[in-house]
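Breakdown of the fold
Each chain, letter by letter, is given below.
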Amino acid sequence: MRLSRAEYKEIVRWTDQLRPTRQCMKTLKERFPNHSQSTLLSIFSLEYQKRTKRTFSRHHAPEVIESHYQRYLSEAKAHPAAPVLLELANKVDLSPALMARIILERFLQGLEGEMPSKTVFNSMLKEPSLIPDQILAKNIYQCTINDCCYGPLVDCIKHSIGQEHEVLLCDKLKERNLSFLDENQLRVMGYDKTPDIILEVPIAVEGHIVHWIESKASFGDDHSHRTYLNEQFWSYWNRFGPGLVIYWYGFIEELDCQRDRGILLKDCFPTDIVLCHAAQQKGPPHSQNKDKA
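Residues numbered from 1 in each chain as written. Predicted model: local features only at pLDDT ≥ 70, side-chain atom pairs only at ≥ 80, totals over all residues. Heavy atoms only, no water.

Some points on the pairing of strand 7 (residues 263-266)
So the rule is basically this: Buried means the residue's accessible area, taken with a 1.4 Å probe over protein chains only, is under 20% of the maximum for its type, while exposed means over 50%, and partly exposed covers the values in between. Secondary structure elements follow DSSP: runs of H or I no shorter than four residues count as helices, runs of E no shorter than two count as strands, and numbering proceeds from the N terminus. A pair of strands is considered paired only if DSSP assigns at least 2 bridges between the two.
On strand 7, burial covers both faces: I263 and L265 on one face and L264 and K266 on the other are all buried. Direction of pairing for strand 5 (residues 243-247) relative to strand 7: parallel, over a ladder of four bridges. Bridge assignment links L244 to a residue of strand 7, and that residue is L264.

Listed below in structure tokens is the structure:
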């Protein structure tokens, strides 16, 4: 879904008043019924991550951590069956999953005198039943399942969605009988930083030559697209020639302004594909410069 900058800003304005709980998506969907929930969630997640980065250091000051911890202990003692940690996170405008990390870390420091290994700590976040305090374990679990932006559950979902869309891209290419190399094949050949797909024979999409395709299971906003351009897309262009980026959950339409320079944006797999003559190829991937980007 391509959004004008004005449409995007209107959605962003509404996200400013929301907390990263799963109920927030119902509010956004009711306000913007013509946009997919996946697009709205991606926009909200990107905006909330920006907000979190601005306030992260404040919540991690030692005195603030201790204040959060003591408030949790007091509320948990008075209301042992209530989701007090989730409510506390919403009151102080902090991601529930990040609040869970802070409180669990403080609890373990008081219990052991020092932090356990990172492996043990992350295992407790992923499996709260390992936490030696049932009330805290329940609260950690509630924070994890109710956070739509951070935490081990969200990380797992994002990874799965990313893989799902890469598989979808490969399936679409196979349906069109297009010969390609995927990221794993390219790494075996010695490449480090590569796009998801290198086409062995280039194609033309809307009159633009495409040698490579990158799949992004997210919405393309100004910040993320600028970062991808600098850290990935221009490197791919420099090494493999012009390419195509698919933002499966849409993008700000004004960002699709690099077509003449060799980077095309789409929000779905293109249907108007023309196979280019082999002579137009820049060269097969294995014959090009393999220097690290």
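Structural notes on the packing of helix 2 (residues 23-31) against helix 3 (residues 37-59)
Stated formally: To obtain an axis, a line is fitted to C-alpha atoms, over the contacting stretch when the element is a helix, and the angle between two such axes runs from 0 to 180 degrees between their N-to-C directions. Each crossing gets its hand from how the near helix is turned against the far one by less than a right angle, where anticlockwise is left-handed and clockwise is right-handed. The contact criterion used is simple: two residues touch if any of their non-hydrogen atoms lie within 4.5 Å.
The geometry of helix 2 relative to helix 3 is characterised by a closest axis approach of 10 Å and an angle of 115° between their N-to-C directions. Read as a crossing pair, helix 2 and helix 3 show a hand that is right-handed. Judged by residue contacts, C24, M25, L28 and K29 of helix 2 engage Q37, L40, L41 and F44 from helix 3.

Section: the pairing of strand 3 (residues 197-205)
The buried count for strand 3 comes to seven of nine residues, which makes it a mostly enclosed element. Here three bridges tie strand 2 (residues 180-182) to strand 3, and the two strands are oriented antiparallel to one another. Of the residues in strand 3, the one forming a bridge with D182 is I197. Pairing analysis gives five bridges linking strand 3 to strand 4 (residues 208-216), with the strands arranged antiparallel. Bridging across to strand 4, A204 finds its partner in I209. Between strand 3 and strand 4, which follow one another and run antiparallel, lie two residues, and E206 among them has a positive phi close to 55°. Note: strand 3 against strand 8 (residues 273-275), three bridges, orientation antiparallel. In the sheet register, V205 faces strand 8, and the bridge partner there is I273.

Examining the pattern of salt bridges
Put simply, the rule reads: We count a salt bridge whenever a side-chain nitrogen from Lys or Arg sits within 4 Å of a carboxyl oxygen from Asp or Glu.
Going through the model one piece at a time under the given rule, you end up with 14 salt bridges. For the salt bridge of R259 with E206, the shortest nitrogen-to-oxygen distance reads 2.6 Å. Of this pair, R259 sits in the loop between strand 6 (251-252) and strand 7 while E206 sits in the loop between strand 3 and strand 4, and the two are 53 residues apart along the sequence. Two residues, R259 and D256, come together in a salt bridge whose shortest N-O distance is 2.8 Å. Residue class for D256 comes out buried when judged on its relative accessible area of 12%. One network of salt bridges, with partners in common, ties together R2, E206, D256, R259 and K266.

Thoughts on a nonpolar patch on the surface
To be explicit about the condition: For patch detection, residues must exceed 30% relative accessible area and be free of salt bridges, and they are connected within 9 Å for like charges or within 5 Å for nonpolar side chains (Val, Leu, Ile, Met, Phe, Trp, Tyr). Accessible surface is estimated by sampling points in the Shrake-Rupley manner with a 1.4 Å probe; for residues, cover comes only from the protein chains shown.
A cluster of nonpolar side chains, namely Y141, I145, L153 and I157, defines an oily patch on the protein surface of about 320 Å² accessible area. Positionally, L153 belongs in helix 9 (residues 152-175). For L153, a relative accessible area of 34% puts it in the partly exposed group.

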